[in-house]
Each structure stands twice: as C-alpha cells, then as structure tokens.
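What follows is the residue order along each chain.
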Amino acid sequence: MRILLLILLSVLPLQADEWWAWNMVEFYHEPPWTAGLFMGNRADTEDGSYVQIVSPRAKYAVLPWLDLGLGLSTLSIENPNTHFRYEQLRPELEINPKFDLTKDLRLDWRNRMEWRKNENTAFTTHRTRHRLQLNWTLPQPVGPLTRVFVSNEWLADLHRGEWSENRLVPLGLTFNLGKNTDLDLFYMVCSSRPKTEWTHESVLGTYLRVRF
C-alpha cells in the first residue's frame, strides 16, 4: 500500500487536459467464451466535452494466441458549455493476436472495426483502431504493483480516408486490489487531427477490472 500511495501522490500534481475512467465487469467466463460489461466516463476540462459509454462485450478464444471480440457500444456525448448533446451507436468487431516474447513480457495487438451512427444520421462515420501494448509482468509483485505497460493506438476515419487520432501511453501501472480485481493507472498523450493540424492533450486515466 505504501508503494500505491507514493505513486498516487506523484501523479496528483500532474496537469492533465482530460480524465478518463474505465470499468469492466466480467460476469461470464467459460472457456473459450468471456463476456462482460464495459463502462466509461471521459471528461475534457480543456474543450468542455463529457462522454459516457456503456458497452456489453464478448470474447472468443480461437487459439491460445488469438481472440475474437464483439461489442455494442452506446455513447452519450455532451458539451456542457453549449448544452448540446447527442447519442452514438457503435457496433464493434475485434481481431486480437497476442505474443509471449518471454516468460514475463507479452505483446498484445488489438485491431477493432467500429461502425458509428450518430443520432439522426446514417452509418457513415466508421473507423478502425489498432493498438500495440507491451506488458511486463513483474517476476515478484512490489506490494500491489504487478505489471508495467506501454502502448500506442492509432485510429483512422474511413469516411475521411486518413489517420485522425493517436493515443500514446508512455507509462501504465497495474495494481492487484484483490483476488478478482485489478486497477490500471496510466498517463496518455492523445493527439487528434480534426481538420489539417494535429493537437495534443494529456490524459490521466484509470481502468478498473472486476471478475465474478
């Protein structure tokens, strides 16, 4: 717990433009199937946007090194300054290989197709997402700390035909909070290109995973 407190105290002074909080409740696990409910909140203090997401998800282990995933996400996207709010429906398909590089080092490669439908519009704003994440599981846990990871995800808007967003996590930490509960703390640099120029924002995030 002392290690956890020291890390939290070191993170608090950081200035971030956004705060992301993710939660995953896994309520079914009967190999090769896994199913659960993903929930998330995203608050942007710089631009004033607020995003909520609820997404039932299922995963099928085709091979020891390959998973297929399905999801159906519903998002609520709001600008508190203008009070403009709309909903988005997002069916998702994933193909996710993973590679054990050593006993403690693993590379996860998530590939997701998203069909996006904004409220009162047609299915036209589709995109693909590709994330490489390198995970180092500590040979011996340091208190509750069990894993260190880095990742990079690039997102491409198919209707625009271009790379539109990049999410770099230079540091992420995983803590074991109990037999069936883990918590990730991470810092992210989120880069986006809404028109012609790239903009960059810093993000502090948490990801709580609970398995029943």
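Residues numbered from 1 in each chain as written. Predicted model: local features only at pLDDT ≥ 70, side-chain atom pairs only at ≥ 80, totals over all residues. Heavy atoms only, no water.

Another aspect to go through is the overall build of the protein chain. In terms of helices and strands, the protein chain carries 1 helix and 12 strands. When its helices and strands are written in sequence order, the protein chain yields α-β-β-β-β-β-β-β-β-β-β-β-β. The principal-axis extent of the C-alpha atoms belonging to the protein chain is close to 50 × 45 × 30 Å. Across the protein chain, the fraction of contacts at a sequence separation of at least 24, relative to all contacts at a separation of at least 6, is 44%. The positive charge centre, built from 24 side chains, and the negative charge centre, built from 25, are 4 Å apart in the protein chain. (Helix = DSSP H or I, 4+ residues; strand = E, 2+ residues; numbered from the N terminus. Contact = heavy atoms within 4.5 Å. Lys, Arg positive; Asp, Glu negative; His and termini not counted. Charge placed at Lys NZ, Arg CZ, Asp CG, Glu CD.)

Before going further, it helps to spend a moment on the confidence of the model for the protein chain. For the protein chain, mean pLDDT is 91; residues scoring 70 or higher make up 91% of the total. When mean pLDDT is compared element by element in the protein chain, strand S6 (residues 105-114) scores highest at 98, while helix H1 (residues 2-11) scores lowest at 51. (pLDDT = per-residue confidence, 0-100.)

The next point concerns the pattern of salt bridges. Scanning the model with the defined rule gives 22 salt bridges in all. With its nearest N and O atoms 2.9 Å apart, the salt bridge here joins glutamate 18 to arginine 42. In this pair, glutamate 18 is assigned in strand S1 (residues 18-30) and arginine 42 in strand S2 (residues 33-44), connecting sequence segments 24 residues apart. Given the relative accessible area of 26%, arginine 42 is considered partly exposed. One salt bridge connects glutamate 92 with arginine 112, and the closest N-O pair in it is separated by 3.9 Å. (Salt bridge = Lys/Arg side-chain N within 4 Å of Asp/Glu carboxyl O. Buried < 20%, exposed > 50% of the residue type's maximum accessible area, 1.4 Å probe, protein only.)

Mapping leucine 75 onto the fold places it in strand S4 (residues 66-79). Taking the C-alpha atoms as reference points, leucine 75 and leucine 183, 108 residues apart in sequence, are found 23 Å from one another.

Here we take up the environment of asparagine 176. Note on placement: asparagine 176 falls in strand S10 (residues 162-178). When the C-alpha atoms of asparagine 176 and proline 144 are compared, they prove to be 5.1 Å apart, with 32 residues separating the residues in sequence. Once you skip the residues sitting within four places of it in the chain, asparagine 176 turns out to touch Pro144, Thr146, Thr181 and Asp182. Only 2.9 Å separates the side chain of asparagine 176 from the backbone oxygen of glycine 178, close enough to count as a polar contact. Of the polar contacts made by the side chain of asparagine 176, one reaches the side chain of aspartate 182; its length is 3.3 Å. (Polar contact = N/O pair within 3.5 Å; in protein donor to acceptor, adjacent residues only side chain to side chain.)

Attention now moves to the side chain of arginine 57. Following the sequence through the fold, arginine 57 ends up in strand S3 (residues 50-63). In this structure arginine 57 comes out as buried when scored by relative accessible area, which is 18%. Looking at arginine 57, its side chain comes within polar contact range of the side chain of serine 55, at 3.0 Å. Residues within four places of arginine 57 in sequence aside, it is in contact with Thr34, Ala35, Gly36, Phe38, Leu70, Gly71, Ser73, Arg90, Glu92 and Arg112.

Turning our attention to the packing of aromatic side chains. Taken as a whole and assessed by the stated rule, the structure comprises 8 aromatic pairs. When the centroid spacing of 6.1 Å and the interplanar angle of 80° are considered together, the rings of phenylalanine 38 and tyrosine 207 count as edge-to-face. Note that phenylalanine 38 is positioned in strand S2 and tyrosine 207 in strand S12 (residues 199-211), a separation of 169 residues in sequence. Tyrosine 207 shares its class with phenylalanine 38; the two are buried. On the basis of an interplanar angle of 40° and a centroid distance of 5.8 Å, the ring pair of phenylalanine 84 and tyrosine 86 is categorised as tilted. Its relative accessible area of 24% is what places tyrosine 86 among the partly exposed residues. Joined through ring pairs, the aromatic side chains of Trp20, Trp22, Phe38, Phe186 and Tyr207 make up one cluster. If you follow arginine 57 out to its NZ or CZ, it ends over the ring of phenylalanine 38, 4.3 Å from the centre. (Phe/Tyr/Trp six-rings, centres within 6.5 Å; stacked < 30°, edge-to-face > 60°. Lys NZ or Arg CZ within 6 Å of the ring centre and 35° of its normal.)

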